Structure formats: C-alpha cells, structure tokens
Amino acid sequence: MTGTKGHFEQVVTPELTAAHVGSGLAPVFATPMMISMMEQTCSDSVAPLLKEGESTVGTKIDITHDAATPVGMKVWCDSELVEVDRRRLVFEVKAYDEKGLIGQGRHERFVIDYEKFMAKVNAKRDA
C-alpha cells in the first residue's frame, strides 16, 4: 500500500473561489476547496485497495496554500501514501496550477468499517 499514488484535476470555477465559499473576498481558488481536492485525491487513491465495507475518513491536514489561482485555470493534486500504521494512512500532497506549485503538505486518513462508523454517528445524533 505504501507508495500508492493519486492524481485529480479540475478547472477553477466561480463556485470554487474564496469569495463564493466565504473564506475570503478574492475570486481565486479557495483554500478549503484546495484541501477538499487533496482529501479527494488521497481517498480515491486508496479506495480500490480497501476491503469490502471499508472506507477512509480524513482526520488531520497540515498544508500550506502558497499561491493564488484565478478562475478558469486548471488545478491538480498529486498524492503519495508515505506511511501506513495499522488503520492510519499518511499522505504527502502537492497541488499545482498551470504556473506551478500552489500548495503542499501532509494529510492523514483512517480506514473505517463504514457500517460501524455510521452506527456511531447515528447514535450520536439520536442521543
């Protein structure tokens, strides 16, 4: 599993900007949306390797957002699984736009049994 790589790309639309999601006033690729792209890249990269009924959830992210990206420009994320500690997965992530690196860092996810996880979530809601 270590060494598993992921890749995801998209074009920055007005709905992905800081101004739209409320994380700032500028019409540029929002940090929360970059983080979402990073999480999706990591999650998607390991999904085919999981057992039936398993999924992953994000638990920690430590990233920098180093450069702004305007609407209409392509952005992408590359991830690599660098550590596996039982159910804990640690990824290195880097995000780019057409001009270069825009963000980087580490992201942790945990492998979960989806049904057990949702039973706990629902019990919390119903308590």
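The structure under discussion appears in the preceding block.
Before going into details, it helps to say that this report is about the structure given with it. Nothing here was measured: the structure is a model prediction, and the numbers come from that model.

## Points about the sheet that holds strand β2 (residues 54-65)
Here is step 1: Ordered by their spatial adjacency, five strands build an open sheet running β1-β3-β4-β5-β2, and the pairing between neighbours is antiparallel. What marks the edges here is a single partner per strand, and that holds for β1 (5-11) and β2. Between one strand axis and the next, the sheet turns through 25° on average, direction left out of account.
Here is step 2: Bridge analysis of β1 against strand β3 (residues 74-85) gives seven bridges, and the strand direction is antiparallel. Residue pairing in the sheet places lysine 5 in a bridge with glutamate 80 of β3.
Here is step 3: Strand contacts of helix α3 (residues 114-126): β2 and β5 (100-113), with the helix running at about 90° to β5, the strand carrying the most contacts.

## Topic: the environment of glutamate 39
Here is step 1: For glutamate 39, the location among the structural elements is in helix α2 (residues 31-46).
Here is step 2: A C-alpha to C-alpha distance of 9.6 Å links glutamate 39 and phenylalanine 91, two positions 52 residues apart in sequence.
Here is step 3: The contact partners of glutamate 39, leaving out residues within four places of it in the chain, are Gly58, His107 and Arg109.
Here is step 4: A polar contact of 3.1 Å, which involves the side chain of glutamate 39, links it to the side chain of arginine 109.

## Quick notes on the pairing of β3
Here is step 1: Sheet analysis places β3 next to strand β4 (residues 88-97), joined by 10 bridges and oriented antiparallel. In the sheet register, valine 84 faces β4, and the bridge partner there is leucine 89.
Here is step 2: Between the end of β3 and the start of β4, which pair antiparallel, lie two residues, with arginine 86 showing a positive phi angle near 55°.

The rules behind these values
- Residues numbered from 1 in each chain as written.
- Predicted model: local features only at pLDDT ≥ 70, side-chain atom pairs only at ≥ 80, totals over all residues.
- Heavy atoms only, no water.
- Pairing = 2+ DSSP bridges.
- Helix = DSSP H or I, 4+ residues; strand = E, 2+ residues; numbered from the N terminus.
- Axes fitted to C-alpha atoms, helices over the stretch in contact; angles between N-to-C directions.
- Contact = heavy atoms within 4.5 Å.
- Polar contact = N/O pair within 3.5 Å; in protein donor to acceptor, adjacent residues only side chain to side chain.

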